[in-house]
2 protein chains.
Amino acid sequence: MHESEIDTPALVIDLDIMEANMDRMAAFCREAGVGLRAHAKTHKSPVIAHWQIDRGAVGQCVQKPAEAEVLAWGGVRDILISNEVVSERKLQRVAALQAMATVSVCADNAATVELIEAIAEAAGRRMTVLVEIDVMGARCGIEPGAEAAALAKRIAASRHLVFGGLQSYHGGAQHRRSEEERRSAIADAVRKTVVTIDAIRGQGLSCAIVGGAGTGTFRHEAASGVYTEIQAGSYIFMDADYARNDPTPEFQQSLFVLSTVMSAARDGRAVLDCGHKGVAIDSGLPLVHGRPDIDYIGASDEHGALTLRDTSLRVGEQLRLVPGHCDPTVDRYDWYVGLRGQRVACVFPVAARGMMQ
Amino acid sequence: MHESEIDTPALVIDLDIMEANMDRMAAFCREAGVGLRAHAKTHKSPVIAHWQIDRGAVGQCVQKPAEAEVLAWGGVRDILISNEVVSERKLQRVAALQAMATVSVCADNAATVELIEAIAEAAGRRMTVLVEIDVMGARCGIEPGAEAAALAKRIAASRHLVFGGLQSYHGGAQHRRSEEERRSAIADAVRKTVVTIDAIRGQGLSCAIVGGAGTGTFRHEAASGVYTEIQAGSYIFMDADYARNDPTPEFQQSLFVLSTVMSAARDGRAVLDCGHKGVAIDSGLPLVHGRPDIDYIGASDEHGALTLRDTSLRVGEQLRLVPGHCDPTVDRYDWYVGLRGQRVACVFPVAARGMMQ
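1. A word on the overall build of chain A
Here's step 1: For chain A, the count of helices and strands is 10 helices and 17 strands.
Here's step 2: In terms of overall dimensions, chain A is globule-like: its C-alpha atoms have a radius of gyration of 22 Å, near the 21 Å expected for 357 residues.
Here's step 3: Its C-alpha atoms give chain A principal-axis dimensions of roughly 70 × 40 × 35 Å.

2. Considering the interface of chain A and chain B
Here's step 1: With 49 residues of chain A at the contact, the number on the chain B side is 49 residues.
Here's step 2: Secondary structure elements with two or more residues in the side of chain A that touches chain B: strand 4 (78-84), helix 5 (88-97), helix 6 (110-123), strand 10 (255-263) and helix 10 (326-330) of chain A.
Here's step 3: Per-element accounting of the side of chain A that touches chain B gives the leading share, three residues, to strand 10 of chain A.

3. Details of the sheet that holds strand 5 (residues 102-107) of chain A
The pairing of strands in a sheet comes from backbone hydrogen bonds and takes either a parallel or an antiparallel form.
All names here are of chain A.
Here's step 1: Strands sit in the order 2-3-4-5-6-7-8-9 around a closed barrel of eight strands; the barrel is parallel.
Here's step 2: With three bridges connecting them, strand 3 (residues 59-62) and strand 4 associate as parallel partners. Within strand 4, the residue paired with glutamine 60 across the bridge is isoleucine 79.
Here's step 3: Of the strands in this sheet, strand 3, strand 4 and strand 5 are in contact with helix 4 (residues 65-73), which crosses strand 4 at around 170°.

4. Quick notes on the pairing of strand 11 (residues 269-272) of chain A
All names here are of chain A.
Here's step 1: With two bridges joining them, strand 10 and strand 11 adopt antiparallel strand pairing. Paired with valine 261 across the bridge in strand 11 is leucine 272.
Here's step 2: Following strand 10, the chain reverses through five residues before pairing antiparallel with strand 11; glycine 268 in that reversal takes a positive phi of roughly 80°.

5. Let's talk about the domain arrangement of chain A
Much of the literature gives interface size as the accessible area that the parts lose upon coming together.
Residues and elements named next belong to chain A.
Here's step 1: Per the domain assignment, the segments making up chain A are domain 1 (3-10 + 249-349) and domain 2 (34-238).
Here's step 2: The straight-line distance from the C-alpha centre of domain 1 to that of domain 2 is 34 Å.
Here's step 3: On the side of domain 2, 13 residues touch domain 1, which itself brings 11 residues to the contact.
Here's step 4: When residues in the side of domain 1 that touches domain 2 are grouped by element, the largest group, three residues, is from helix 10.

6. Observations regarding the relation of the copies chain A and chain B
Here's step 1: Superposing chain A onto chain B takes a rotation of 180° plus a shift of 0.0 Å along the axis, which leaves an RMSD of 0.0 Å. The relationship between the two copies is best expressed as a two-fold rotation axis.
Here's step 2: When you check the interface residues of chain A against chain B, 100% turn up at the interface there too, and the contact is symmetric in its surfaces.

7. Structural notes on the packing of helix 4 (residues 65-73) of chain B against helix 5 (residues 88-97) of chain B
Residue and element names in this part refer to chain B.
Here's step 1: Following both chains from N to C, one finds helix 4 and helix 5 inclined at 20°, their axes separated by 10 Å at the closest point. The angle between the axes of helix 4 and helix 5 places the two elements in the roughly parallel class. Here helix 4 runs over helix 5; the crossing is left-handed. Between helix 4 and helix 5, the residues in contact are Pro65, Ala68, Glu69 and Ala72 and Lys90, Arg93, Val94 and Leu97, respectively.
Here's step 2: Considering only residue class, the contact of helix 4 with helix 5 consists of five nonpolar, no polar and three charged.

Parameters at a glance
- Starting from 1, residues in each chain are numbered consecutively following that chain's sequence as written.
- Chain labels run from A onward and ligand labels from 1 onward, assigned in the order the entries are written.
- Where local features are concerned, this predicted model is filtered to residues with pLDDT of at least 70; where side-chain atom pairs are given and counted, the filter is 80 or more; whole-chain, interface and lining totals use all residues.
- We count a stretch as a helix when DSSP gives it H or I for four or more residues in a row; a strand needs E for two or more, and each element gets its number in order from the N terminus.
- Restricting the calculation to C-alpha atoms gives the radius of gyration, and the globule rule supplies 2.2 Å times the number of residues raised to the power 0.38.
- Any pair of residues counts as being in contact when their C-beta atoms, constructed from backbone geometry, are within 7 Å of one another.
- Any two strands are treated as partners once DSSP identifies two or more bridges connecting them.
- Here an axis means a line fitted to C-alpha atoms, over the contact stretch when the element is a helix, while the angle between two N-to-C directions is reported on a 0 to 180 degree scale.
- Start and end positions for the domains come from either an automated domain assignment or a database one.
- Copies overlap after least-squares fitting; the atoms used are the C-alpha atoms of residues with pLDDT of at least 70 in both.
- The labels follow the angle: roughly parallel below 35 degrees, roughly antiparallel above 145, roughly perpendicular from 65 to 115, and oblique for the rest.
- When the near helix sits turned anticlockwise from the far one by under a right angle, the crossing is termed left-handed; a clockwise turn instead gives a right-handed crossing.
- In this count, Pro and Cys sit with the nonpolar residues alongside Ala, Val, Leu, Ile, Met, Phe, Trp and Tyr, while Asp, Glu, Lys and Arg are called charged and the others, Gly among them, polar.

Written out as structure tokens, the structure is:
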């Protein structure tokens, strides 16, 4: 089946490019001596997780217990929920999941640690808990240093818990535009992480994992000598927003939304069958791949408005869109269509799509 | 089961309020003498479609063939795809669907009409086609007047097609803030529609359906004496963006995203477990229902940042969010949880979630 026969909107992967991205990151981590715990919030697929693990990734990250379930059911054995899990029901699910995989969670306060402890005890499972520290000043995470060390001590003191280390992710730094801004943000995160590691050592404990980093900054965390695991996700697919970073990351765009022209009634304009239901616009509008003469200028639910410069389009013509943001775009779809060149090579589910709980 | 026992993020409906909204719109359309062809792009559910039809709705609108399939499979018998369908494969599916429901489509150019004709002929089914006219100047639709009438004539001349009337929807008018802006935009749409109806009459044809309107403007289309069917969808749920219209529409908020506080490490701030993966932000950030002392100030994929004024939140506490935009928010979820007060009364699928093709 040829790309032109795919019904649209459809989520397509150029498999050759994705594999080259995976190989490149795997080689980097091997050479830098850090583990790659690739983030499945990007791909939401045990299929892709295994392709990463086959290339040497130590495991996967997810953001939600329901995503961890999908990976564990798909045979992934080492999963970190790089996020707080605070409800009893969710923690019971994580405890039950230990029967088929090692699933660690993060915590940023003592009350949550107590809840995890109670649920681990009731389930008869030891659970590994990482302390998330706030290196970004805007989201979850406990104050770095003494407070974080006290929480680590509380975890380590429990018969039902294992202190797993530190979660130290600076999400806000990934998309800062200049190399210098990103370097400076991560230097600050590294300082806070070092202070915390020292405070934890002062409690007689050590951090098996110090995890964080993303596609925008992983070279800095890897060079710090402090981080043991890199949690990049987007590098396999890339998106229009990462392409605006300076310099552009060394990975190539492999993920596209295939879309069809559904109306071309006016000169210089056309309408695509893909609006923001089919391509996430939280980080900006999509680009039209390989067509600098066409701009995607507006998204409603089901329509994308195009302006054309010295070109025309006919109804039924297909275009590839480069999403502004890959993770939430993937979350709109039930299936990936994998291409080799323009031939359909495979179809597989976005198995953890919508797994928000 | 009590609301507080629902795992989050979850999409909940206050059924009493939704039913009151449905009753109100049904009564309005009955009194105004227009049909209500409620738009299923909002709810994506045959269950809700039947509740609307039980109250007198003449049928349903959808935007995509895959949505029409889900409704037809759920027993809805009269469906208008209020949008262009331009691909052979999609039109073949629409033709096949005629075995179980009347499914009409829109067209805005002669080439598409020819394609529909060929597929109807091959399938041995007569298909009803409406002409979409451009009353908004920004999306699909043929030029009102003579061009549209020529297209109507082309449809009516086919042995395999039925000319179904006009699709004349001014999407851009729904959220203009002042009553006067909305009234003026619809007055303009009505003028273009009247010109087109007259031109079509000049061809010896009549329009069985003249459809359009939404929750922001339906009173104007109904009062025009020109529109026969109102295509409002959002009125059953409402959202924060419609609430910014002046005056506020007469419907009450019935749709909420239930969310949980996952971190509250800092004074005056907290983090919810629902970001833009769980609540659409294309029309602005969500509001925190019934809590004017709390602002939702930022959404990342899985986190919502709150600022608190003279109040505090504890980890695990639940809040109801009012989505900025109901339609794409619904599209993020697989299930509705229906509440009577704070008790769970029913759970049913968002059956047409993700049906973008």
